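Tertiary structure, described
Read off the chains here:
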Amino acid sequence: MLYAIIGEDVPDSLARRLAARPAHLARLKELQDAGRLVIAGPCPAIDSPDPGAAGFSASLIVAEFASLEAAQVWAEADPYATGGVFAGVTVRPFRKVLPA
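Now for a quick tour of the structure.

**As for the pattern of salt bridges**
Per the stated rule, a full pass over the model turns up 3 salt bridges. Residues Asp9 and Arg17 are paired through a salt bridge, measuring 2.7 Å at the closest nitrogen-oxygen approach. Look at Arg17 and you get buried, because its relative accessible area is 4%. The shortest N-O distance in the salt bridge between Lys29 and Asp33 comes to 2.7 Å. Here Asp33 and Lys29 lie together in helix α1 (residues 14-33), a separation of 4 residues that amounts to about one turn. Of the residues examined, Asp33 reaches a relative accessible area of 56% and is grouped as exposed.

**Remarks on the side chain of Arg27**
Position of Arg27 among the secondary structure elements: in helix α1. Residues contacting Arg27, with those up to four places away along its chain left out, are Trp74, Ala77, Asp78 and Pro79.

**Brief notes about a nonpolar patch on the surface**
A contiguous nonpolar patch, built from Val38, Ile39 and Leu60 and spanning about 240 Å² of accessible area, is present on the exposed surface. By the secondary structure assignment, Val38 is in strand β2 (residues 37-44). A residue is classified by how much of its surface remains accessible, and Val38, at 43% relative accessible area, is partly exposed.

**Structural notes on the pairing of strand β1 (residues 2-9)**
Within a regular strand, side chains alternate between the sheet's two faces. Within β1, 6 of the 8 residues are buried, leaving the element largely enclosed by the surrounding structure. Relative to strand β3 (residues 56-64), β1 is paired through 7 bridges, and the arrangement is antiparallel. If you follow Tyr3 over to β3, its bridge partner there is Ala63. When β1 meets strand β4 (residues 86-94), the two strands line up antiparallel, connected through 8 bridges. Following the sheet pairing, Tyr3 is matched in β4 by Pro93.

The rules behind the values
Residues numbered from 1 in each chain as written. Predicted model: local features only at pLDDT ≥ 70, side-chain atom pairs only at ≥ 80, totals over all residues. Heavy atoms only, no water. Salt bridge = Lys/Arg side-chain N within 4 Å of Asp/Glu carboxyl O. Buried < 20%, exposed > 50% of the residue type's maximum accessible area, 1.4 Å probe, protein only. Helix = DSSP H or I, 4+ residues; strand = E, 2+ residues; numbered from the N terminus. Contact = heavy atoms within 4.5 Å. Patch = residues over 30% accessible without salt bridge, like charges linked within 9 Å, V, L, I, M, F, W, Y side chains within 5 Å. Areas by Shrake-Rupley, 256 points an atom, 1.4 Å probe, with all protein chains shown as cover. Pairing = 2+ DSSP bridges.

Rendered as structure tokens:
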């Protein structure tokens, strides 16, 4: 099943994000290589595709996991979660409707 993982950033998270980014992207690449990643990316803190020093306010990942528990365990071990980028992480079952 698909799960939406939403990580909400702590204030002024940009430096922590940059430090943890290579390890975070490596984990996402593993999901992608396994054919389990639907979409992933950050939410800019301002209305701009490149927020610069404003940084990011959150991240969204939609991926396939065997269970809600497996998705939660994966999310809790993400370098953004363990590296102090995220103030909190929400994991929810997700049903893709469109595009078909």
